[in-house]
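Architecture and fold: a report
For reference, the chains in residue letters:
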Amino acid sequence: MRTLFHYRGLGDYLLHEFVVMPDHLHLLLTPCATTSLEKAVQLIKGGSSHQIHKERNQKMEIWQQGFHDWTMRDANDWRTKVEYIRVNPVRAKLVESPQDWPYSSANDQFTLDPLPDKYCRQASGAKAQITSPAAPELKLRPPKEHQA
């Protein structure tokens, strides 16, 4: 979390939502004009790996390669992703309420960046995928084709 807020403080991205789980991380961020999404993720993963290696005095692999991104379409899509991030610790049965997880923007102890203005406008009309609280994955599998 220190790394998240360090690079945010340097202006590399806006941080809107996050949850640090025992074995993964979810972020909702907006890269700044001079930082690509890939660079923002590289800063977070590389910076946190460096710090963890330094504190533990070891060089183990921390992060998997790559990441999954999602482009927000509108305010409805934004709200869906915020909800997904916030309830992640509840779905994992780590806490009963999102606000109880100390490593999340849901507990209101962190100052975050607001929703970008472009998502405050009228909805695009596209429907965001909604995962049920019991579903562990963010991206749903495509529907199976019906055979005749």
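Now for a description of the structure that goes with this document. Values in this document were obtained by computation on a predicted structure and should not be read as measured data. (Residues numbered from 1 in each chain as written. Predicted model: local features only at pLDDT ≥ 70, side-chain atom pairs only at ≥ 80, totals over all residues. Heavy atoms only, no water.)

Here's the deal with unusual backbone geometry
Most peptide bonds are trans, and most residues other than glycine sit at a negative phi. Basically, it comes down to this: Runs of E in the DSSP output that reach at least two residues are strands. Runs of H or I that reach at least four are helices, and both are numbered from the N terminus. Burial status follows relative accessibility: with a 1.4 Å probe on protein chains alone, a residue under 20% of its type maximum counts as buried, one over 50% as exposed, and anything between as partly exposed.
The phi dihedral of K93 is positive, around 60 degrees, even though this residue is not glycine. Positionally, K93 belongs in the segment after α3 (75-91). Of note in the backbone geometry, D108 takes a positive phi value of approximately 65 degrees without being a glycine. Residue classification places D108 among the exposed positions, given a relative accessible area of 60%.

Quick notes on the environment of K81
Structurally, K81 can be placed in helix α3. The class of K81 is buried, set by a relative accessible area of 6%. Note: C-alpha distance between K81 and L28 (53 residues apart in sequence) is 7.9 Å.

Focus: the pairing of strand β1 (residues 13-20)
Short version of the rule: If DSSP finds at least two bridges between two strands, the strands pair.
Burial of β1 is extensive: 6 of the 8 residues sit out of reach of the surface. The pairing of β1 with strand β2 (residues 25-31) spans 7 bridges and is antiparallel. In the strand pairing of β2, Y13 is matched with P31. Connecting the antiparallel pair β1 and β2 is a turn made up of 4 residues.

Quick word on the packing of aromatic side chains
Rules: A pair of aromatic rings is counted whenever rings of Phe, Tyr or Trp (Trp by its six-membered ring) have centres within 6.5 Å, and the orientation is called stacked for planes under 30 degrees apart, edge-to-face for over 60 and tilted otherwise. We call a charge positioned above a ring when the Lys NZ or Arg CZ atom is no farther than 6 Å from the ring centre and deviates by at most 35 degrees from the ring normal.
Under the criterion given, the structure shown has 4 aromatic pairs. Geometrically, the ring pair formed by F5 and F18 is edge-to-face, given 5.7 Å between the ring centres and 85 degrees between the ring planes. Taken together, the residues F5 in helix α1 (residues 2-9) and F18 in strand β1 connect sequence positions 13 residues apart. Both rings, one in W101 and one in Y103, keep their centres 5.3 Å apart while their planes meet at 75 degrees; by these two values the pair is edge-to-face. Residue classification places W101 among the buried residues on the basis of a relative accessible area of 11%. An aromatic cluster of at least three residues, connected via ring pairs, comprises F5, F18 and F110. Lying across the ring of Y84, R91 places its NZ or CZ 4.2 Å from the centre.

Looking at the pattern of salt bridges
Worth spelling out the cut-off: Any carboxyl oxygen of Asp or Glu that lies within 4 Å of a side-chain nitrogen of Lys or Arg is treated as forming a salt bridge with it.
In the structure shown here, the tally under the stated rule is 4 salt bridges. A salt bridge links D113 to R8, with the shortest nitrogen-to-oxygen separation between them at 2.9 Å. With a gap of 105 residues between them, D113 in the segment after α3 and R8 in helix α1 connect regions that are remote in the sequence. By relative accessible area, D113 is classed as buried at 17%. R8 sits in the buried class, given a relative accessible area of 19%.

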